[in-house]
Amino acid sequence: MSAPSHSASSRSVPSESELEAKAKLLDVPTAQMVPDKSIGEVRELTNLSIDTLRYYEKIGLIDHIARDSSGHRVYSDLDVERIGFARRLRATGMPVSQIVHYVRLRAQGPDTADARLNMLLDHRDRLLGMQQELAESMNLVDGKILYYRHLIEQKDAGHEATR
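Source: prediction; values computed, not measured.

A. Main features of the packing of helix α2 (residues 39-46) against helix α3 (residues 50-59). Direction vectors running N to C along α2 and α3 enclose 100 degrees, while the axes themselves pass 9 Å from each other. With respect to each other, α2 and α3 are oriented roughly perpendicular. Residues Ile-39, Gly-40, Val-42, Arg-43 and Thr-46 of α2 form the contact with α3, whose own contacting residues are Ile-50, Leu-53 and Arg-54. Among the residues making up the contact of α2 with α3, the classes are represented as four nonpolar, two polar and two charged.

Right under this line is the structure:
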């Protein structure tokens, strides 16, 4: 029986020295880098289906998920955090293609920090515009609610006066 094939973005569980070096580069605790969660555990933590987690990896929305000696995916706390960040970006309306681009830039290391910062600043500007638009819509809806409450109060007062 041949070994399972995996995408180019998957990797075996890194050694302790590799984990320490990457943790130092990312300025995070080494413990956050240890891949120790099964796909089922990550499903529970993220409320994403296993199929969705696999799909996110396939399209590059999450990257470099380690594999154990049996070829099963194993996730670190940092992987779970990154999945959450990608979901937040998506929930705010960032297109999947832009999130994938961000993930690819992040994988290239600190030299792409300026490009990632600019992406996030641009997205923040769009969110601020959406927030303003939403506030204006909320004011309109609140005004209509007040109008109808007043209308109903007047109608109810008129009914009580005729009793």
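Following the structure, the description resumes.
B. Examining helix α4 (residues 77-91) more closely. For α4, built from 15 residues, the straight-helix expectation of 21 Å at 1.5 Å per residue is met to within 8% by its first-to-last C-alpha distance of 21 Å. Those residues of α4 not exposed but buried are Leu-78, Asp-79, Val-80, Arg-82, Ile-83, Ala-86 and Leu-89. One side-chain oxygen of the residue at the start of α4 lies 3.3 Å from the amide nitrogen of Leu-78, identifying that residue as Ser-76. Once α4 finishes, Gly-93 follows within two positions and takes phi at roughly 95 degrees, a positive value.

C. Here's a closer look at the packing of α4 against helix α5 (residues 96-107). Remark: α4 packs on α5, axes separated minimally by 9 Å, with the N-to-C direction vectors making an angle of 145 degrees. Read as a crossing pair, α4 and α5 show a hand that is right-handed. Across the interface between the two elements, Arg-82, Phe-85, Ala-86, Leu-89 and Arg-90 from α4 touch Val-96, Ile-99, Tyr-102 and Arg-106 from α5.

D. How the structure looks around the packing of aromatic side chains. All chains considered together, the criterion is met by two aromatic pairs. Ring centres of Phe-85 and Tyr-102 lie 5.6 Å apart, and the angle between their planes is 50 degrees; this geometry places the pair in the tilted category. Remark: Tyr-102 occurs in helix α5 and Phe-85 occurs in helix α4; sequence separation between them is 17 residues. Of the residues examined, Phe-85 reaches a relative accessible area of 32% and is grouped as partly exposed. For Tyr-102, a relative accessible area of 11% corresponds to the buried category.

E. Examining the environment of Ile-62 more closely. Examined against the element boundaries, Ile-62 turns out to sit in the loop between α3 and β3 (66-67). Judged by its relative accessible area of 4%, Ile-62 falls in the buried class. Apart from residues lying up to four places away in sequence, Ile-62 is in contact with Leu-53, Tyr-56, Glu-57, Tyr-75 and Ile-83.

F. A look at the environment of Ala-107. Tracing the chain through its elements places Ala-107 in helix α5. C-alpha of Ala-107 to C-alpha of Lys-22: the two residues are 85 residues apart in sequence and 11 Å apart in space. For Ala-107, the contacting residues outside a window of four places in its chain are Asp-63 and His-64.

What counts and how
Residues numbered from 1 in each chain as written. Predicted model: local features only at pLDDT ≥ 70, side-chain atom pairs only at ≥ 80, totals over all residues. Heavy atoms only, no water. Axes fitted to C-alpha atoms, helices over the stretch in contact; angles between N-to-C directions. Helix = DSSP H or I, 4+ residues; strand = E, 2+ residues; numbered from the N terminus. Parallel < 35°, antiparallel > 145°, perpendicular 65-115°, else oblique. Contact = heavy atoms within 4.5 Å. Nonpolar A, V, L, I, M, F, W, Y, C, P; charged D, E, K, R; others polar. Expected span 1.5 Å × (residues − 1). Buried < 20%, exposed > 50% of the residue type's maximum accessible area, 1.4 Å probe, protein only. Polar contact = N/O pair within 3.5 Å; in protein donor to acceptor, adjacent residues only side chain to side chain. Left-handed = near helix turned anticlockwise from the far one by under 90°. Phe/Tyr/Trp six-rings, centres within 6.5 Å; stacked < 30°, edge-to-face > 60°.

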